[in-house]
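Here's the letter readout for the chains.
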Amino acid sequence: NYSSCNGEYIPTNEIDHAVLNTLRSQLKLLQELGVRMEESKGSHTQNELPERKSMERDIETYKAERIRQYEAYAEGIVSRETYLEKKAELTKKIDTLQEALDRMRVLMSEEAELCADVERINQQAHENMGCDTLTKEMVEAFIEMVYVYDRKTIEVEFKFDDVIAEITEKYLAG
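Residues numbered from 1 in each chain as written. Predicted model: local features only at pLDDT ≥ 70, side-chain atom pairs only at ≥ 80, totals over all residues. Heavy atoms only, no water.

Caption draft 1: Local environment of the overall build of the chain. When its secondary structure is counted, the chain shows four helices and four strands. Ordered by position in the sequence, the α and β elements of the chain form the string β-β-α-α-α-β-β-α. The globule rule puts the C-alpha radius of gyration for 174 residues at 16 Å, and the 28 Å found for the chain is more than 25% above it. In terms of principal-axis extent, the alpha carbons of the chain reach across some 90 × 30 × 25 Å. (Helix = DSSP H or I, 4+ residues; strand = E, 2+ residues; numbered from the N terminus. Rg over C-alpha atoms; globule rule 2.2 N^0.38 Å.)

Caption draft 2: Representation of the packing of aromatic side chains in the model. Scanning the model with the defined rule gives six aromatic pairs in all. Between Tyr73 and Tyr83, the aromatic rings sit 5.0 Å apart at their centres with planes inclined by 10°, giving stacked as the arrangement. Taken together, the positions of Tyr73 in helix H1 (residues 12–74) and Tyr83 in helix H2 (residues 80–128) put the pair ten residues apart, joining distant regions of the chain. Taking the relative accessible area as the measure of exposure, Tyr73 reaches 29% and is therefore partly exposed. Considering the side-chain rings of Tyr147 and Tyr149, the 6.4 Å spacing of their centres and the 15° angle between planes classify their relative orientation as stacked. Classification of Tyr147 as partly exposed rests on a relative accessible area of 32%. (Phe/Tyr/Trp six-rings, centres within 6.5 Å; stacked < 30°, edge-to-face > 60°. Buried < 20%, exposed > 50% of the residue type's maximum accessible area, 1.4 Å probe, protein only.)

Caption draft 3: Seen up close, the pattern of salt bridges. If you walk through the whole model with that rule in mind, you get nine salt bridges. The residue Glu56 makes a salt bridge to Arg105 at a minimum N-O spacing of 3.0 Å. With Glu56 in helix H1 and Arg105 in helix H2, the pair connects residues that are 49 residues apart, well separated along the chain. Across the salt bridge formed by Glu65 and Arg68, the nearest N and O atoms sit 3.0 Å from each other. Of this pair, Glu65 and Arg68 both sit in helix H1, three residues apart, roughly one helical turn. Residue class for Glu65 comes out partly exposed when judged on its relative accessible area of 22%. Taking relative accessible area as the criterion, Arg68 reaches 45% and is therefore assigned partly exposed. (Salt bridge = Lys/Arg side-chain N within 4 Å of Asp/Glu carboxyl O.)

Caption draft 4: A look at the nonpolar core. By size, the foremost hydrophobic cluster in this structure holds 28 residues, and its most contacted members are Leu23, Phe142, Phe160 and Ile167. Mapped onto this core, the elements with two or more residues apiece are H1, H2, helix H3 (136–142), strand E3 (143–150), strand E4 (153–158) and helix H4 (161–172). Considering each element in turn, this core owes the most residues, eight residues, to H1. In this structure, Phe160 is in contact with Leu23, Gln26, Leu27, Leu30, Ile121 and Phe142, ignoring residues within four places of it in sequence. With six residues, the next largest nonpolar core counts Met55, Ile59, Leu97 and Met104 among its residues. (Core = buried A, V, L, I, M, F, W, Y, C linked by side-chain atoms within 4.5 Å. Contact = heavy atoms within 4.5 Å.)

As structure tokens, then:
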């Protein structure tokens, strides 16, 4: 079997071999990036958990103080103007902390989702990469598109390119 490209006939086994080698190197890269991501995630988690708990405590403290300020106003201890100023100040602090906490939760959720994607791809690789030839199952699991320009130039788009890009952006770029 041959593939015709720009008038040049290239044996399909050459294309398969090039795609398989590229696939293996990309899966190895993904596995290495996954290890780095887990290491980075471990240090982030150790730092974020106490910070998150502290933020949650601060929010509760500010909410309790806001209630105390209302009670002081209701008992006539502080003026309405003083109460409203204090309430606005405390509400702003609560909102700021809540926004930061929400952002932290979103980031943690995205990180968990990315870890799950890496784990899923690595599991598929483990199940499918035992062969010395490119199989239909490998292509369906990992390959988005193959472009053959000539015998020396073959471009492969993988279904997990976005995962590699995201890991690289989040954990290696800074």
